[in-house]
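A structural walkthrough
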Amino acid sequence: SIMSEMQQAAVAAKKSKMSVRDICYAGLFAAVIAVMAQISIPMPMGVPMTMQTFAITLAAVVLGSKLSTISSLIYIIMGAVGLPVLANFSGGFDKFVGPFPLMAFIIGWGAEHRKDFKGAYVIALAVGTVVNYVVGVALFCAVAKASVATGITACVLPFIPTAIIKAILASVIGFAIRERVPELKK
């Protein structure tokens, strides 16, 4: 009967490590990342300044390491299969750039452990950002056949001021959201 199937589905969902709420949060933040990616400012060396990293940091702070990693994986998969969720409404595997799941995990881990030891969040935020830059420079150098110095000039230096501003804003907004949503408090 339909009732017994619904009960079996409910039991299966309870046994699952992810709740329906978790799945919804991950999907919601994948959508937030996709929307924020469309805020794009062209830069002289061809690498646009987008709000993806803001959204990744926001997801990491609000959701923590596990769910923000899943959220960014959903976003990357949507982009890789061709959905126009990447910057400038693009999609496709050839447009995929950035270690967003790793960045999300590192920053989310710092957000979760910020009370365990002083500086955990700031260190994780810096490491997550550096990982993003290292992979971005490597990909840029490989695709553009450019030197590391050119990669750093194109992919890092122009973005440092905005990266700091985005990290601060995402942190302030993210921790405010995390404090106001009871099931996210940790």
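Here, the structure is the one placed above.
Residues numbered from 1 in each chain as written. Predicted model: local features only at pLDDT ≥ 70, side-chain atom pairs only at ≥ 80, totals over all residues. Heavy atoms only, no water.

Thoughts on helix α2 (residues 20–37)
Basically, it comes down to this: To qualify as a helix, a DSSP run of H or I must reach at least 4 residues; to qualify as a strand, a run of E must reach at least 2; elements of each kind are numbered from the N terminus. Take the residue count of a helix, subtract one, and multiply by 1.5 Å to get its expected span. Only protein chains enter the accessibility calculation, which uses a 1.4 Å probe. A residue is then buried if its area is under 20% of the maximum for its type, exposed if over 50%, and partly exposed in between. Two residues form a contact once any of their heavy atoms are found within 4.5 Å.
Between its terminal C-alpha atoms α2 stretches 26 Å, which fits the 26 Å expected from 18 residues at 1.5 Å a residue. Those residues of α2 that sit buried are Asp 22, Tyr 25, Ala 26, Phe 29, Ala 30, Ile 33, Ala 34, Met 36 and Ala 37. Residues of α2 that are buried sit in contact with β1 (40–41), β2 (49–50) and α3 (52–80).

Concerning the pattern of salt bridges
Stated formally: Here, a salt bridge means any side-chain nitrogen of Lys or Arg that lies within 4 Å of a carboxyl oxygen of Asp or Glu.
Going through the model one piece at a time under the given rule, you end up with one salt bridge. Where Glu 179 meets Arg 114, a salt bridge forms, and the shortest distance between an N and an O atom there is 3.6 Å. With Glu 179 in helix α7 (residues 160–180) and Arg 114 in the loop between α4 (100–112) and α5 (120–144), the pair connects residues that are 65 residues apart, well separated along the chain. Overall, Arg 114 belongs to the buried group, its relative accessible area being 18%.

Comments concerning the packing of aromatic side chains
Any two aromatic rings considered together are summarised by their centre-to-centre distance and by the angle between their planes. Counted only if it meets this: Centres within 6.5 Å make a pair out of two Phe, Tyr or Trp rings, where for Trp the six-membered ring is used; the pair is then stacked when the planes are under 30 degrees apart, edge-to-face when over 60, and tilted otherwise.
Applying the stated criterion across every chain, the model contains three aromatic pairs. Note on Tyr 75 and Phe 100: the rings are 6.4 Å apart at their centroids and 50° apart in plane angle, and the pair reads as tilted. Of this pair, Tyr 75 sits in helix α3 while Phe 100 is found in helix α4, placing the two residues 25 residues apart along the sequence. Both residues of the pair, Tyr 75 and Phe 100, count as buried. Measuring from ring centre to ring centre gives 5.0 Å for Tyr 121 and Phe 175, while their planes differ by 75°; the resulting arrangement is edge-to-face. Placement of the pair is Tyr 121 in helix α5 and Phe 175 in helix α7, with a sequence separation of 54 residues. Its relative accessible area of 10% is what places Tyr 121 among the buried residues.

Remarks on the environment of Thr 150
To be explicit about the condition: Distance and chemistry together define a polar contact, namely a pair of N or O atoms within 3.5 Å, with one atom able to donate a hydrogen and the other to accept it when in protein, and with adjacent residues in sequence counting only for side-chain atoms on both sides.
Within the element layout of this structure, Thr 150 appears in helix α6 (residues 148–155). Look at Thr 150 and you get partly exposed, because its relative accessible area is 29%. Beyond its immediate stretch of four places on either side in the chain, Thr 150 contacts Met 45 and Phe 140. A distance of 3.0 Å separates the side chain of Thr 150 from the side chain of Ser 147, its partner in a polar contact.

Digging into the packing of α5 against α6
How two helices pack is summed up by the angle between their axes together with the distance between the axes. Under the convention used in this document: Note on definitions: angles span 0 to 180 degrees between N-to-C directions of axes, and those axes are lines fitted to C-alpha atoms, for helices only across the stretch in contact. Here roughly perpendicular refers to angles of 65 to 115 degrees, roughly parallel to angles under 35, roughly antiparallel to angles over 145, and oblique to all remaining angles. Handedness of a helix crossing follows the sense of rotation of the near helix relative to the far helix, less than a right angle counterclockwise being left-handed and clockwise being right-handed. Side-chain classes are defined by residue name, with Ala, Val, Leu, Ile, Met, Phe, Trp, Tyr, Cys and Pro counting as nonpolar, Asp, Glu, Lys and Arg as charged, and the others, Gly among them, as polar.
At a closest axis distance of 9 Å, the pairing of α5 and α6 adopts a crossing angle of 120°. When the axis of α5 is compared with that of α6, the two are oblique. Read as a crossing pair, α5 and α6 show a hand that is right-handed. Within the contact between the two elements, α5 uses Tyr 133, Gly 136, Val 137, Phe 140 and Cys 141 and α6 uses Val 148, Thr 150, Gly 151, Ile 152, Ala 154 and Cys 155. Considering only residue class, the contact of α5 with α6 consists of eight nonpolar, three polar and no charged.

Here's the deal with unusual backbone geometry
The phi dihedral of Lys 145 is positive, around 50°, even though this residue is not glycine. By the element assignment, Lys 145 lies in the loop between α5 and α6. Overall, Lys 145 belongs to the exposed group, its relative accessible area being 74%.

Things to note about a nonpolar patch on the surface
Note the cut-off: Note that patches include only residues with greater than 30% relative accessible area and no salt bridge, and the join distances are 9 Å for like charges and 5 Å for nonpolar side chains (Val, Leu, Ile, Met, Phe, Trp, Tyr). Using the Shrake-Rupley algorithm and a 1.4 Å probe, accessible areas are obtained, with residue cover drawn only from the displayed protein chains.
A cluster of nonpolar side chains, contributed by Val 148, Ile 152, Leu 157, Ile 160, Ile 164, Ile 168 and Val 172, occupies part of the molecular surface with about 630 Å² of accessible area. Counting only elements with at least two residues in the nonpolar patch, the list comes to α6 and α7. Ranked by residues supplied to the nonpolar patch, first place goes to α7 with four residues. Relative to the assigned elements, Ile 168 resides in helix α7.

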